[in-house]
Every structure is written in structure tokens, then in C-alpha cells.
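Residue-level listing of the chains:
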Amino acid sequence: MTIKRYGTGETGAGKQPLPFARAVEANGWLYVSGQVAMQKGEIAGGGIIAESRKAIENMIAILHEAGYGLEDVVRVGVWLDDPRDFWTFNGIYAEYFGEHPPARACVQSRMMVDCKVEVDCVAYKAK
């Protein structure tokens, strides 16, 4: 089995080194680490709509870098800081995953950085 890691040695907020890969691929499976609305090492902010879009777009950029698309995503994990953002997030999420909805879990959670949402995913593409 071949394992390929994407984005090791990256830095996060405050230029802190991140001790994990942005994604890991093994036997056609791609596991994308949690993505927030990070832009140039800082949380982009702008509320739940802007942060949701940026977090999902960051996840999509990693999928594309590894040669996967939204149609290959089989599961998404979502963490929301505020449960009142659930329906707003769902509206943004549907814009991206409306045609190919994967399985999903969504929970409320306190965040490790000052953000409103974090998303991760698992994708599969037969090699």
C-alpha cells in the first residue's frame, strides 16, 4: 500500500507549525484534515456565511490538489461553534454538495482557534 501525504510542514494561525498533514491518501481513499476559514495564516472572519464558504473552499482546494472532486467525497464532518448557525451553514453547504451529497455529521463544538466552523472530509476514487 502506498501512502501519500499532502501539505506537511505547514503553519497555522500565528505561524505555529502544524504537526499533521493537510491530507493523506491511501489505496484510493483521501482523508482531508479539518479546514477552517484560514487565509494567509489568519482566520478570514466575516461571519458564518463567509467562514463557511472559505472553509469549504479550502477543503476543495486540497481535494483538487490530490486529484479528487466533490463527486468523490463520501463523508463530511462539520463542527459549528454556535448551533444557531446550523441552517445558515446548511444553505451554504448545499451550494457545494447539492448534486453529490455525501454522508455527514454535524456537531456543536468549542473551537481550537477563533472560528465559527470547521469541516473535514473523506473521499474515494478507484485507482
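Fair warning: this is a prediction, and the values are worked out from it, not measured in the lab.

Helix and strand counts for the chain stand at two helices and eight strands. Its helices and strands taken in sequence order, the chain reads β-β-β-β-β-α-β-α-β-β from the N to the C terminus. Taking 2.2 N^0.38 as the reference for a compact globule, 127 residues should give roughly 14 Å; the C-alpha atoms of the chain span a radius of gyration of 14 Å, in line with that estimate. Based on the C-alpha atoms only, the size of the chain along its principal axes is roughly 40 × 35 × 20 Å. Here the chain holds 127 residues, and the buried ones make up 40% of them. Taking all contacts inside the chain whose residues are at least 6 apart in sequence as the whole, residues at least 24 apart take part in 69%. Summed over all atoms, the accessible surface of the chain reaches about 7300 Å², with 52% contributed by carbon and sulfur. Here the chain contributes 14 positively and 16 negatively charged side chains, and the mean placements of these two sets differ by 3 Å.

Turning to the pairing of strand β7 (residues 103-108), a few remarks are in order. Alignment of strand β6 (residues 73-80) against β7, held across six bridges, turns out to be parallel. When the sheet's bridge partners are listed, V78 is paired in β7 with C106.

Relative to the helices and strands, I48 is located in helix α1 (residues 47-65). Sequence spacing of I48 and D82 is 34 residues, and the spatial spacing of their C-alpha atoms is 9.4 Å. Ignoring sequence-local partners within four residues, the contact set of I48 consists of L80, D85, T88, K116 and V117.

This part is about the sheet that holds strand β8 (residues 117-124). Taken in spatial order, the six strands make up an open sheet running β1-β2-β3-β8-β6-β7, and their pairing is mixed. A strand with exactly one partner marks an edge of an open sheet, and here the two such strands are β1 (3-6) and β7. Adjacent strand axes in the sheet meet at a mean angle of 10° when their direction is disregarded. Here seven bridges tie β6 to β8, and the two strands are oriented antiparallel to one another. Each residue of the ladder has a partner; that of V73, found in β8, is A123. This element, α1, spans β1, β2 (23-26), β3 (29-35), β6 and β8 of the sheet and lies at about 25° to β8. In the packing of helix α2 (residues 86-97) onto the sheet, the strands contacted are β6, β7 and β8, and the crossing angle to β6 comes to about 155°.

What follows concerns the environment of N90. If you trace the backbone, N90 turns up in helix α2. In this structure N90 comes out as buried when scored by relative accessible area, which is 18%. Considering only alpha carbons, one finds N90 and S52, 38 residues apart in sequence, at a separation of 9.5 Å. A polar side-chain atom of N90 sits 2.7 Å from a polar atom in the side chain of R104.

Calculation rules
Residues numbered from 1 in each chain as written. Predicted model: local features only at pLDDT ≥ 70, side-chain atom pairs only at ≥ 80, totals over all residues. Heavy atoms only, no water. Helix = DSSP H or I, 4+ residues; strand = E, 2+ residues; numbered from the N terminus. Rg over C-alpha atoms; globule rule 2.2 N^0.38 Å. Buried < 20%, exposed > 50% of the residue type's maximum accessible area, 1.4 Å probe, protein only. Contact = heavy atoms within 4.5 Å. Areas by Shrake-Rupley, 256 points an atom, 1.4 Å probe, with all protein chains shown as cover. Lys, Arg positive; Asp, Glu negative; His and termini not counted. Charge placed at Lys NZ, Arg CZ, Asp CG, Glu CD. Pairing = 2+ DSSP bridges. Axes fitted to C-alpha atoms, helices over the stretch in contact; angles between N-to-C directions. Polar contact = N/O pair within 3.5 Å; in protein donor to acceptor, adjacent residues only side chain to side chain.

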